[in-house]
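Observations on the model geometry
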Amino acid sequence: MERDSCSRGWLAICGAVFALVANAQTPSFFTLSQIPVGSQPAALAIADTDRDGKPDLVVVNGGSSSLTLERGVGHGYFQHWADQSAGAGPRAVAVGDFNRDGKLDLAVANFASDNVSVLLGIGNGTFRDFGSLQVNSPSAIVAADFNRDGKTDLAVVDSVSNTVVIFLGFGNGTFLPFSSTPVGERPLSVVAADLNGDGIMDLAVANSLSGDVSVLLGFGNGTFQPARSISAGPNPTFLTIGDFNGDDKPDLAVINARPTSSLVFVFLGLGDGFFRPPLTFTAGDNSTFLVAGDFNLNGKTDLAVANTGSNTISIFTGLGSGLFRPEQTFTVGSAPAWIGVADLNGDGKPDLVVANSASNDVSVLINLTAASHHR
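By convention here, each chain's residues receive numbers from 1 onward along its written sequence. For a predicted model such as this one, the threshold for reporting local features is a pLDDT of at least 70, and the threshold for listing and counting side-chain atom pairs is 80 or more; totals across whole chains, interfaces and linings nevertheless cover every residue. Derived side-chain values reflect all non-hydrogen atoms in the structure, with water molecules and hydrogen atoms excluded from consideration.

Turning next to the overall build of the chain. Along the chain, the regular secondary structure elements total one helix and 28 strands. Our radius of gyration is a C-alpha quantity, and the globule rule it is checked against amounts to 2.2 Å times the number of residues to the power 0.38. Against the globule reference of 21 Å for 375 residues, the chain gives a C-alpha radius of gyration of 20 Å, in line with a compact fold. Burial classes: relative accessible area under 20% of the type maximum marks a residue as buried, over 50% as exposed, and values in between as partly exposed (1.4 Å probe, protein chains only). Taking all 375 residues of the chain together, 57% fall into the buried category. Contacts are assigned to residue pairs with any non-hydrogen atoms lying within 4.5 Å of each other. Restricting to contacts in the chain with at least 6 residues of sequence separation, those with at least 24 account for 42%. Counting every atom, the chain has about 14,500 Å² of accessible surface; 53% of that belongs to carbon and sulfur. To qualify as a helix, a DSSP run of H or I must reach at least 4 residues; to qualify as a strand, a run of E must reach at least 2; elements of each kind are numbered from the N terminus. Where accessible areas are quoted, they stem from the Shrake-Rupley method and a 1.4 Å probe; at the residue level, only the protein chains shown are allowed to cover.

Structure (C-alpha cells):
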C-alpha cells in the first residue's frame, strides 16, 4: 500500500486529516519520521548541500561535538549520509558559499572550544575542514555580506565579552576579524536584515541576562553604529525577523524562556531601525526558540515556537496586525531546541524539522494545510 493511500486501514486517519485541513486558517502537520542524530542536537540547517535540487539536513550535535548530515531523497524523506567532527560543544551553524565555487559551505560556532569551524562543501553533501576562527564561547552565528563587496561575511556572537565579531570574507574560504561591537549581557541569538531600509545589512541580538535586544545599524563597511537597547523581557533566548503586520517593514519576535508560560514579544518595525512598544503573549513551558513562516497559507506571517519543557511545538497563526490566534500544539521529541522551515516534499508548503535535544533525534513534520486565497 502506498504511503499516501486512503484505502482500508488508512481511511479513518485520512478522514480525520482532511477534516483538520478543511479550514485553511488552521494549520495541520503530520509527523512523517523521527531521524536519529548525534548527542544533544542544538541546531540545524536545511540546504541543498549535494546540488540535486532536494533539501538536505545539517544537524549540529552539541553533546557529541559532531555534525549529522542527512541527504534528502524526496517527498520529505532523508537518508543518513555522513557524520563529521566539529569543535567542542557546537551551538549553531551558518550556510553560505564562502569560496564562490557554487557549492554550499558551513561555519559552525563551537561554544566549548572557543572557535568557529569553516567547512568547505565538496558538492556531494560532505565537507572538508578549512580551518577555524577564534571567538570566545560563540553562541550564535549568521552569514551575510556586511561590507557590500559581494563576498559572504560572518557575524559571530561572543558570549564572554558580550560582543558581536564581524569576520570579513575574502571569497576564497578565509576570513579576517574586522570589527567588534558591544551588545548586552550574555547574548544568545543574532539575526541579520536591513532594518532601516538603506540597503545595508543590520543586526539584532537577543541578550538573555540584560533582558534586552541590541539593534546594530550597519555602515556598509563591516562596522556598526553603537548598539541601541530595547527592553525585551526577563530572559530573551532567541529572536527572529518577519513582517507580522503586512506593511513590508521588518519586525522582530523574541522568545523569553520561563519554566511555565514563556513570553513572546513582538516588536513592529517603523522601517527606520526603530520599533513600536511590544505586543506580548504567552507560549509554552520553557520555550527557547521561535521561527517565522506562513504555515496556514493565507499570506500572513505566523510563528512556530519550540516548547523545550513540554516536548511540543506551538503554531501561532498571525492575524496580519502583529497579533496572533491562540496556539496549536504538536508533539515532537524530547526537549525540542530548534525548528527549521523549508518545503521538504515539493508541494509549495512550508514543512518543519525539529531538533530534539534530549531524545537525540529530529522530527520531520509535513504541512497538510489546504491552500486558500489570501485575505
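What follows is about the pattern of salt bridges. Whenever Lys or Arg places a side-chain nitrogen within 4 Å of a carboxyl oxygen from Asp or Glu, that contact is recorded as a salt bridge. Summed over all chains, the structure comprises two salt bridges. The residue Asp50 makes a salt bridge to Arg71 at a minimum N-O spacing of 2.9 Å. Of this pair, Asp50 sits in the loop between β2 (41-47) and β3 (56-61) while Arg71 is found in strand β4 (residues 66-74), placing the two residues 21 residues apart along the sequence. A relative accessible area of 25% places Arg71 in the partly exposed class. The residue Arg71 makes a salt bridge to Asp52 at a minimum N-O spacing of 3.7 Å. Taken together, the positions of Arg71 in strand β4 and Asp52 in the loop between β2 and β3 put the pair 19 residues apart, joining distant regions of the chain.

Now for the pairing of β2. Counting buried positions over the seven residues of β2 gives five, a clear majority of the element. Strands are labelled as partners when DSSP assigns at least two bridges between them. The sheet contact formed by β2 and β3 spans six bridges and is antiparallel. Counterpart to Ala47 in the pairing with β3 is Asp56.

Take the nonpolar core next. One broad trend across soluble globular proteins is that nonpolar side chains are buried collectively. The nonpolar core is taken to be a set of buried Ala, Val, Leu, Ile, Met, Phe, Trp, Tyr and Cys residues, with the residues joined through side-chain atoms within 4.5 Å. Grouped together as the largest cluster of nonpolar side chains are 57 residues, with contacts concentrated most on Leu67, Leu303, Ile339 and Val362. Those residues in contact with Leu67 that sit more than four places away from it in its chain are Val58, Val59, Val60, Asn61, Ala82, Asp83, Gln84, Ala86, Leu106, Val108 and Leu119. Ranked by size, the runner-up nonpolar core spans 17 residues in total, among them Val213, Ala232, Leu239 and Phe275.

What follows covers the environment of Ala306. Examined against the element boundaries, Ala306 turns out to sit in strand β23 (residues 302-307). Setting aside chain neighbours within four positions, we find Ala306 in contact with Asn286, Ser287, Thr288, Phe289, Thr312, Ile313, Pro336 and Ile339.

This paragraph deals with the sheet that holds strand β27 (residues 351-356). Spatial strand order, β1-β28-β27-β26: four strands in an open sheet with antiparallel pairing. Single-partner strands in this sheet number two, and they are β1 (29-36) and β26 (336-342). Sheet twist, expressed as the mean angle between neighbouring strand axes with direction ignored, is 20°. Orientation is described by axes fitted as lines to C-alpha atoms, over the contacting stretch for helices, and by angles from 0 to 180 degrees between their N-to-C directions.

In this section: the side chain of Asn147. In this structure, Asn147 sits in the loop between β10 (138-144) and β11 (153-158). Leaving out residues up to four positions away in the same chain, Asn147 has contacts with Asp153, Leu168, Gly220, Asn221 and Gly222.

Attention now moves to the sheet that holds strand β22 (residues 287-293). Sheet strands pair via backbone hydrogen bonds, and the direction of the pair is either parallel or antiparallel. Strand order in the open sheet made by the four strands is β22-β23-β24-β25, with antiparallel pairing throughout. With partners counted over all chains shown, the strands left at the sheet margins are β22 and β25 (328-331), one partner each. On average, each strand axis in the sheet is tilted by 25° relative to the strand beside it, whichever way the strands run. By the bridge criterion, five bridges tie β23 to strand β24 (residues 312-316) in an arrangement that is antiparallel. Residue pairing across strands places Leu303 opposite Phe316, the latter belonging to β24.

Below, the discussion takes up unusual backbone geometry. Notably, Ser65 is not glycine yet its phi reads approximately 50°, a positive angle. For Ser65, the location among the structural elements is in the loop between β3 and β4. One non-glycine residue, Asn286, adopts positive backbone phi at about 50°. Structurally, the position occupied by Asn286 is in the loop between β21 (279-282) and β22.

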